[in-house]
Amino acid sequence: MAAETDVHEIPTRREMIQGGSTILGGGLLAGCTSDGGDPTPADAADTATNSPTDTPTSYEVAIEPAGRHTFEEVPETYASIPGAWMDIAMGFGIQPKAVAAFDRLPLKYYDALPGVDFDADAVRTLGKSAESKYDKEVFYDVDADVHLMDSRMLKKYSGWDDEDLEEIESNVGPILGSLIRFPFGGRDPYYTLYEAFEKAAQIFQRQAQYEAWVTLKESFYADIESRVPVSGGDAPTVAAFNFGFDPESGKFFAANIDAPRNDTRSFRMLGVNNAFQGEEYVPFKPVGIEKLLDVDPDYIGMIGYLSYIDDSQLQKVVETAQDHDVLSQLRAVENGNFVRTGGQYMGPIIDLFSTEALAKQLYPDEYGEWPGSIHDVPEEEQLFDRQRVADIINGNV
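Cut-offs and rules
Think of each chain on its own: its residues are numbered from 1, step by step along the sequence as written. Selection of residues for local features in this predicted model requires a pLDDT of at least 70, selection of side-chain atom pairs for listing and counting requires 80 or more, and totals for whole chains, interfaces and linings are taken over all residues. Hydrogen atoms and water are omitted, and side-chain values are computed over all heavy atoms in the structure. Type-normalised accessible area, obtained with a 1.4 Å probe on protein chains alone, sets the label of each residue: buried when under 20%, exposed when over 50%, and partly exposed for intermediate values. Numbering of helices and strands runs from the N terminus, with a helix taken as a DSSP run of H or I at least four residues long and a strand as a DSSP run of E at least two residues long. Only heavy atoms matter for contacts: two residues are in contact if any of them lie within 4.5 Å across the pair. By convention a nonpolar core is built from buried Ala, Val, Leu, Ile, Met, Phe, Trp, Tyr and Cys residues, the set being connected through side-chain atoms within 4.5 Å. Domain delimitation in this document rests on an assignment produced automatically or drawn from a domain database. Here, a salt bridge means any side-chain nitrogen of Lys or Arg that lies within 4 Å of a carboxyl oxygen of Asp or Glu.

## Points about helix 5 (residues 151-158)
Along helix 5, the residues classified as buried are S151, R152, M153, L154 and S158. Among the structural elements, helix 4 (136-142) and helix 6 (162-171) are those in contact with the buried residues of helix 5. Downstream of helix 5 by one or two residues, G159 has phi in the positive range, about 80°.

## Observations concerning unusual backbone geometry
In this model, E64 is joined to P65 through a cis peptide bond whose omega is 5°. Checked against the element boundaries, P65 lands in the loop between strand 1 (59-63) and strand 2 (67-71). In this model, D143 sits at a positive phi of 55°, which is unusual for a non-glycine residue. A residue is classified by how much of its surface remains accessible, and D143, at 25% relative accessible area, is partly exposed. Of note in the backbone geometry, Q205 takes a positive phi value of approximately 55° without being a glycine.

## Points about the nonpolar core
In terms of nonpolar packing, the biggest core is built from 79 residues, with I203, F204, W213, F267 and L270 touching the most fellow members. Counting contributing residues, this core receives three or more from each of domain 1 (59-204) and domain 2 (229-394).

## Some words on the pattern of salt bridges
For the structure shown, the criterion picks out 16 salt bridges. Measuring nitrogen to oxygen at the nearest pair gives 2.9 Å for the salt bridge that ties R124 to D141. With a gap of 17 residues between them, R124 in strand 5 (residues 124-125) and D141 in helix 4 connect regions that are remote in the sequence.

These results come straight from atomic positions and should not be treated as a statement about function.
Quick look at the structure:
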């Protein structure tokens with residue numbers, strides 16, 4: 001691990017995990033698992049845990065860039081900041097005790113699953129107000145058992161230094177998480193989505209649920225990939241963008257969908273060609289209209305806009321682009337080929353909806369028409385079993 005990405009060393013022990021909050025969906029589940037890329041003494045403890053009630057007296061979890069932490073009890077509560085970790089924990093039916101803010105949390109995905117609840121009234125925000133930076137007093141007051149967040153991102157958003165982080169870890173709970181949205185500082189992320197998911201399974205001792213998720217997603221992925229109607233040079237070209245697509249700005253923030261980043265995984269799953277292939281990787285690369293005219297993509301991809309806008313708002317973007325003197329020359333604009341995906345909050349739940357939505361937007365003849373909303377997909381045209389997902393989330397594996 002490069003020196004500039006090191007933040008601090010996680011203490012090897014925490015005195016005792018305090019508090020408790022609602023864990024959706026039954027008792028603690030545990031099973032056999034290992035993290036092949038990072039074996040630790042915890043793996044041996046995990047493999048000895050074969051029933052919902054027999055949890056190890058202590059176990060260790062290692063997550064880069066934070067380090068290792070030894071849990072004396074299974075954590076019941078967590079706090080998170082923007083990223084995939086809340087959706088990862090929701091994959092086990094565990095909602096957060098606190099989040100950074102609510103303004104963009106895509107809770108509609110949980111509403112689309114039968115019997116999966118998210119009690120927003122029970123969740124705190126980590127700033128004293130929506131406009132303020134994170135406040136240590138709030139972290140103390142929330143008193144989460146574990147903080148599922150990348151310590152580097154926490155420092156960036158809060159303005160804290162290493163001593164502040166160490167204070168929270170010593171007095172409240174460990175900070176264990178890793179940015180998987182895109183390479184931090186130009187470096188590869190430490191984990192793929194399911195590698196991070198497995199780390200969370202170790203933290204919460206939910207290995208049986210994790211294995212059920214793996215079985216479900218492998219079947220889903222195999223079905224999607226086997227039905228993609230075109231590949232290679234015949235596949236459509238997509239120019240994907242962060243922060244939407246604002247025709248009036250004249251500047252757009254391109255996303256290299258071939259880079260090892262979680263927020264573009266839906267595009268890779270559908271095998272599209274990257275309009276910015278071969279370009280130097282920049283997380284939010286500004287490109288102008290001339291560059292867009294040069295690549296002239298088949299589709300314009302809006303990362304995160306499946307979560308943030310509805311179909312009527314999308315149509316306004318399309319119409320504005322079609323009325324633009326220059327952008328109207330693009331094939332994607334002329335044909336109204338704008339597609340939306342899940343984005344930065346994409347954990348295992350949102351990943352399913354995002355992949356299904358993109359498949360239908362790109363290839364309606366194969367996967368069925370996209371109705372404009374995840375809630376409006378007819379049951380007979382759904383590409384994954386909502387009830388099975390809900391059962392796993394609620395512990396019925």
